[in-house]
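Descriptive analysis of the structure
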Amino acid sequence: MKNKTVKMVLAVVVLGVCCGAYAGVKTYVAHQEQKESEEDSEESTTVFTASTDNIKSLDFMVDDTKTTFEKDDDSWVKKDETDFPVNQTTLDSAASAIASVDSDRVLEDVDDLSEYGLDSPSNTIKIVTKSDEEDGDDITTTLYVGDENSSTSQYYVRKDDDEKTVYLIDSSCVEPFTKSLNDYAQMEDFPAISNTDTITKISVDGDNSYELSKDEDTSTWSVKGSEDEEKADSATVSSLVSSFGSMAYSSLADYKCDDKSKYGLDKPYATITVDYQEEVADDDTQDDTTASGEAADEDASSVEENSDDAEQDTESDESVSETTDETSENSDSASDNEDSSEEETKMADKQLTILVGNETDDSSRYVMVNDSNEVYTMSTDTLSALTDKSEEDFWDMTVSYVSLNSLGSLKVNYQGSDYKVNVSRETSTDDDGNDTETVTYKLNGSDLDETTFTTFYNKLINMTAQKRLTDKYEPDGDAELTATFTEEDGDTQEVAYYSYDTNYYAAVVDNKVYLVNKMNVKELFTAFESVVGTEEDSSDKTDSDEATTDDTKSDSTDMPGESIEESDDSTSETAGITNDSDTSEEENTDSQETDSTEE
């Protein structure tokens with residue numbers, strides 16, 4: 001029993017020693033591996049290095065075609081196509097990326113290049129550099145690019161004729177050489193219109209053709225398509241016009257297009273034409289002002305000579321002073337003329353034409369601008385704001401606008417009863433010569449509260465529609481409210497409101513039918529009821545409301561239609577004249593009574 005115990009103790013001791021030894025060996029190995037790893041990370045192998053100033057040419061595959069860019073003085077050119085618009089920044093970046101190539105892992109004695117994609121390289125980059133020696137030959141270095149190691153974002157490459165050594169280099173050295181040819185071309189800037197306020201016309205010819213025109217006198221826009229020309233919504237047009245100040249290309253598709261059909265530009269999806277003006281130097285004005293400046297210089301020179309003579313002739317200090325002052329004035333005049341010649345400009349008519357072609361794979365369309373042979377892509381969203389619109393999208397949805405300042409009279413038929421508001425204006429001049437205009441309103445010959453009327457009138461002229469009907473409309477029943485505007489110059493306009501459905505009223509103006517939110521029209525009706533004093537209200541009315549009701553009840557609510565017309569005729573004879581005295585009102589009343597008696 002004792003021997004067994006001793007053996008067990010010895011076994012435990014031996015086991016402990018073995019475990020300790022194992023732990024020690026494991027720690028040692030870990031330290032060694034860490035040390036070797038640190039040494040490997042600190043060590044790197046230079047694959048290629050050169051000064052970017054010494055790089056004379058870069059030869060590599062572009063779109064599966066061997067392409068060479070070389071330096072001509074300090075500029076890059078495409079060797080076989082010198083008119084190619086090389087993007088200097090892009091080539092400088094490529095040269096900088098390849099000027100210093102290091103590898104942190106080198107595989108030697110490689111037997112099978114296919115394991116690294118180097119049996120058939122994806123790209124071959126040939127770098128020609130100047131020799132450090134003055135009369136030395138150029139040095140050519142070739143890097144063959146294989147597969148990408150996706151886990152480390154590095155590429156396998158081999159150098160020159162060495163097929164046994166493979167380097168892992170950073171992707172930043174290779175990616176500048178993986179672009180398409182157009183990526184190495186210099187894009188032109190889109191000819192954006194710096195001052196969009198000068199745009200006077202925009203026309204779009206395509207599936208939906210229309211033309212927007214600006215009235216130079218009023219600055220209002222109109223739109224014309226297949227129908228008659230109509231007033232355009234100012235906010236909608238303004239948004240469209242401003243977009244021409246920020247348009248930009250997405251990418252270059254073809255720097256020298258010789259076949260428009262490849263991009264659908266031989267038969268464009270749409271053609272956009274914009275007329276505008278641009279500030280340019282006025283050469284004629286400059287010549288005139290320069291000549292004027294030269295004449296002034298001659299005058300100044302002549303005066304200076306006089307001044308010199310005056311200095312020599314000291315008989316009169318006043319003569320010298322006057323001559324000197326004259327010299328200063330003429331010199332200032334010459335200086336002003338010079339400044340004027342530099343600032344004189346004029347506005348020249350310009351036109352921008354955009355051909356819109358096929359769609360691309362990246363939500364863009366091909367475009368050509370003006371007479372350029374270059375084809376670019378532009379965002380579909382940018383273009384659709386123009387090409388996917390029709391004349392209806394620009395229609396002004398204001399139902400019937402007549403400025404109160406130009407209103408002469410307003411006839412309203414509401415629920416079968418006729419009413420007429422006459423507007424009178426009188427101008428008075430105070431002792432200081434200041435003019436003051438007094439405006440009065442009369443409803444069927446009786447005074448009308450200005451605030452009550454203008455509240456209704458503003459709702460009437462600012463009524464806007466949600467949409468317009470383009471199909472023929474046959475009203476079902478009579479109009480609930482018809483308003484006829486007569487301006488001071490005699491122009492008239494009529495709008496009639498018909499119940500359309502549960503959501504809309506149909507507002508008919510000439511041959512246009514607007515669909516207006518029903519609640520807005522109900523508010524209009526309520527406002528008019530306040531004008532004529534027929535609005536029902538459970539609460540007590542104000543003194544003003546009661547007065548309006550009393551004044552208008554006998555004239556409008558209870559008055560037969562024929563009598564109203566007679567009153568209207570009488571009132572119209574005094575339209576445009578302000579009656580401030582009670583005598584004028586009595587004369588109007590007497591006139592109405594006389595007309596009624598005669599009938």
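In this convention, every chain numbers its residues from 1, walking through the sequence in written order. Whole-chain, interface and lining totals are the exception, using all residues; otherwise, since this is a predicted model, local features are given only for residues with pLDDT of at least 70 and side-chain atom pairs are given and counted only at 80 or more. Hydrogens and water molecules were not included; the side-chain quantities draw on all heavy atoms of the structure.

**A look at a negative patch on the surface**
- There is a patch of like negative charges on the surface, built from Asp53, Asp72, Asp73 and Asp74.
- The helix count covers DSSP runs of H or I at least four residues long, the strand count covers runs of E at least two residues long, and both are numbered beginning at the N terminus. Its location among the elements puts aspartate 72 in strand S3 (residues 65–72).
- We call a residue buried when its accessible area falls under 20% of the maximum for its residue type, exposed when it is over 50%, and partly exposed in between, using a 1.4 Å probe and counting protein chains only. Assessed through its relative accessible area of 46%, aspartate 72 is described here as partly exposed. Within this analysis, patches are made of residues with over 30% relative accessible area and no salt bridge. Like charges are joined at 9 Å or less; nonpolar side chains (Val, Leu, Ile, Met, Phe, Trp, Tyr) at 5 Å or less. Using a 1.4 Å probe, accessible areas were evaluated by the Shrake-Rupley method; residue-level cover was limited to the displayed protein chains. The rule for a salt bridge is simple: a side-chain nitrogen of Lys or Arg has to be within 4 Å of a carboxyl oxygen of Asp or Glu. Asp and Glu count as negative and Lys and Arg as positive, but His and the ends of the chain are not part of the count. The location of each charge is read from NZ of Lys, CZ of Arg, CG of Asp or CD of Glu.

**Observations regarding the pairing of strand S17 (residues 364–369)**
- Across the 6 residues that make up S17, a large majority, 6, are buried.
- Only strands joined by at least two bridges in the DSSP assignment are considered to pair. Relative to S17, strand S16 (residues 345–359) is paired through 4 bridges, and the arrangement is antiparallel. For leucine 355, the partnering residue across the bridge sits in S17 and is methionine 368.
- The hairpin turn running from S16 into S17, its antiparallel successor, is 4 residues long, and serine 363 in that turn takes a positive phi close to 55°.
- Relative to strand S18 (residues 375–379), S17 runs antiparallel, the two being bridged by 4 bridges.

**So, the pattern of salt bridges**
- Going through the model one piece at a time under the given rule, you end up with 14 salt bridges.
- Here aspartate 80 ties to lysine 78 by a salt bridge, and the two come within 2.9 Å at their closest N and O atoms.
- Judged by its relative accessible area of 61%, aspartate 80 falls in the exposed class.
- Judged by its relative accessible area of 5%, lysine 78 falls in the buried class.
- Put simply, arginine 425 and glutamate 488 hold a salt bridge, and the shortest N to O gap is 2.8 Å. A residue pair is termed long-range when its members are at least 10 positions apart, and arginine 425 in strand S20 (residues 417–429) and glutamate 488 in the loop between strand S24 (481–487) and strand S25 (492–499) qualify at 63 residues.
- Taken together, the shared-partner salt bridges connect Lys78, Asp80, Glu81, Asp83 and Lys256 into one network.

**Quick word on helix H3 (residues 234–243)**
- Within H3, the full set of buried residues consists of Val237, Leu240 and Val241. Down the axis of H3, the buried side of the element spans an arc of 100°, and every buried residue falls inside it.
- We call two residues in contact when some of their heavy atoms are within 4.5 Å. In this structure, the buried side of H3 is in contact with strand S10 (201–206), strand S11 (210–214), strand S12 (221–224) and helix H6 (380–387). By construction, the arc corresponds to the directions joining the helix axis to the C-beta atoms.

**A short note on the sheet that holds S10**
- If you walk across this open sheet you meet the 9 strands as S13-S12-S11-S10-S15-S16-S17-S18-S14, and the pairing is antiparallel. In this open sheet, the two edge strands, each paired with only one partner strand, are strand S13 (230–231) and strand S14 (251–254).
- For helices, the fitted line uses only the C-alpha atoms of the stretch in contact; every axis is such a line through C-alpha atoms, and the angle between N-to-C directions lies from 0 to 180 degrees. Those strands touched by H3 are S10, S11 and S12, and its axis lies near 95° from that of S11.
- Docked against the sheet, H6 engages S10, S11, strand S15 (270–281), S16, S17 and S18, running at close to 80° with respect to S18.

**Description of the nonpolar core**
- What is meant by a nonpolar core is a set of buried Ala, Val, Leu, Ile, Met, Phe, Trp, Tyr and Cys residues, joined one to another through side-chain atoms within 4.5 Å. Residues Leu58, Leu212, Phe244, Val399, Leu410 and Tyr497 are the most contacted members of the largest nonpolar core, which totals 99 residues.
- The residues contacting valine 399, other than those within four sequence positions of it, are Met463, Thr464, Ala465, Gln493, Val495, Tyr497, Ala507, Val509, Tyr514 and Val516.

**Comments concerning H6**
- When H6 is considered as a whole, its buried residues turn out to be Thr380, Leu383, Ser384, Leu386 and Thr387. Projection of H6 onto a plane perpendicular to its axis shows the buried side chains occupying an angular sector of 160°, all on one side.
- In protein, a polar contact means a hydrogen-donor-capable atom and an acceptor-capable atom, both N or O and within 3.5 Å, with residues adjacent in sequence counting only if both atoms are side-chain atoms; elsewhere, any N or O pair within 3.5 Å suffices. The opening residue of H6, the one whose side-chain oxygen lies 3.2 Å from the backbone nitrogen of aspartate 381, is serine 379.

**Description of the side chain of serine 222**
- The topology assignment puts serine 222 in strand S12.
- For serine 222, a relative accessible area of 16% corresponds to the buried category.
- Residues within four places of serine 222 in sequence aside, it is in contact with Glu211, Leu212, Ser213, Glu229, Glu230, Lys231 and Ala232.

**A word on the confidence of the model for the chain**
- Per-residue confidence from the prediction method is given by pLDDT, with values spanning 0 to 100. Across the chain, the average pLDDT comes to 81, with 72% of residues at 70 or higher.
- Taking the mean pLDDT of every element in the chain, the minimum, 38, falls on helix H10 (residues 561–573) and the maximum, 98, on S24.

**A short note on the sheet that holds S20**
- Taken in spatial order, the 9 strands of this open sheet run S22-S21-S20-S19-S24-S25-S26-S27-S23, and their pairing is antiparallel. Each edge of the open sheet carries a strand with a single partner, namely strand S22 (446–448) and strand S23 (467–469). Going across the sheet, the axis of each strand differs from the next one's by a mean of 25°, ignoring polarity.
- As defined by bridge partners, strand S26 (residues 504–509) adjoins strand S27 (residues 512–517) across 6 bridges and the pair is classed as antiparallel. Across the sheet, alanine 507 pairs through a bridge with tyrosine 514, a residue of S27.
- Strand contacts of helix H7 (residues 450–461): strand S19 (407–414), S20, strand S21 (435–443), S22, S24 and S25, with the helix running at about 80° to S19, the strand carrying the most contacts.
- Contacts from helix H8 (residues 518–532) reach S19, S20, S21, S22, S24, S25, S26 and S27 within the one sheet, and its direction differs from that of S27 by about 90°.

**Quick look at the packing of aromatic side chains**
- Think of it this way: a Phe, Tyr or Trp ring, Trp meaning its six-membered ring, pairs with another when their centres are within 6.5 Å, and the plane angle makes it stacked under 30 degrees, edge-to-face over 60, tilted otherwise. The full count for this structure, using the stated rule, is 22 aromatic pairs.
- Taken together, the ring pairs in this structure connect Tyr414, Tyr419, Tyr441, Phe453, Phe456, Tyr457, Phe485, Tyr505, Phe525 and Phe528 into an aromatic cluster.
- A ring is scored as having a charge over it whenever the NZ atom of a lysine or the CZ atom of an arginine sits within 6 Å of its centre and within 35 degrees of its normal. Cation over ring: arginine 468 sits above tryptophan 395, and NZ or CZ is 3.6 Å from the ring centre.
- A cation over a ring is seen here: arginine 468 above tyrosine 514, with NZ or CZ 5.5 Å from the ring centre.

**Details of the environment of threonine 165**
- Relative to the helices and strands, threonine 165 resides in the loop between strand S8 (154–159) and strand S9 (166–170).
- Accessibility expressed as a relative area gives 13% for threonine 165, which makes it buried.
- Each C-alpha atom of the pair threonine 165 and glutamate 108 lies 4.6 Å from the other, and the pair is 57 residues apart in sequence.
- Setting aside residues no more than four positions away along its own chain, threonine 165 makes contact with Val106, Leu107, Val157 and Arg158.
- A polar side-chain atom of threonine 165 sits 2.9 Å from a polar atom in the side chain of aspartate 162.

**Quick notes on unusual backbone geometry**
- Notably, aspartate 64 is not glycine yet its phi reads approximately 65°, a positive angle.
- Examined against the element boundaries, aspartate 64 turns out to sit in the loop between strand S2 (55–62) and S3.
- Under the relative-accessibility criterion, aspartate 64 is labelled exposed at 74%.

**Remarks on the packing of H7 against H8**
- The contact between H7 and H8 brings their axes to 9 Å, and the two run at 155°. It follows from the interaxial angle that H7 and H8 lie roughly antiparallel. Crossing geometry of H7 relative to H8 is assigned as left-handed. Contact with H7, carried on its side by Thr452, Phe453, Phe456, Lys459 and Leu460, involves Glu523, Leu524, Ala527, Phe528, Ser530 and Val531 of H8 and no other residues of that element.
- Put simply, Ala, Val, Leu, Ile, Met, Phe, Trp, Tyr, Cys and Pro go in the nonpolar bin, Asp, Glu, Lys and Arg in the charged bin, and everything else, Gly too, in the polar bin. Its residues placed into classes, the contact of H7 with H8 shows 7 nonpolar, 2 polar and 2 charged. When describing relative orientation, an angle under 35 degrees is termed roughly parallel and one over 145 degrees roughly antiparallel, while 65 to 115 degrees is termed roughly perpendicular and anything else oblique. A clockwise turn of the near helix away from the far one marks a right-handed crossing, whereas an anticlockwise turn of less than a right angle marks a left-handed crossing.

**As for the side chain of threonine 141**
- As for its position among the elements, threonine 141 is in strand S7 (residues 139–149).
- For threonine 141, a relative accessible area of 6% corresponds to the buried category.
- For threonine 141, the contacting residues outside a window of four places in its chain are Phe48, Ile125, Lys126, Ile127, Lys159 and Asp160.

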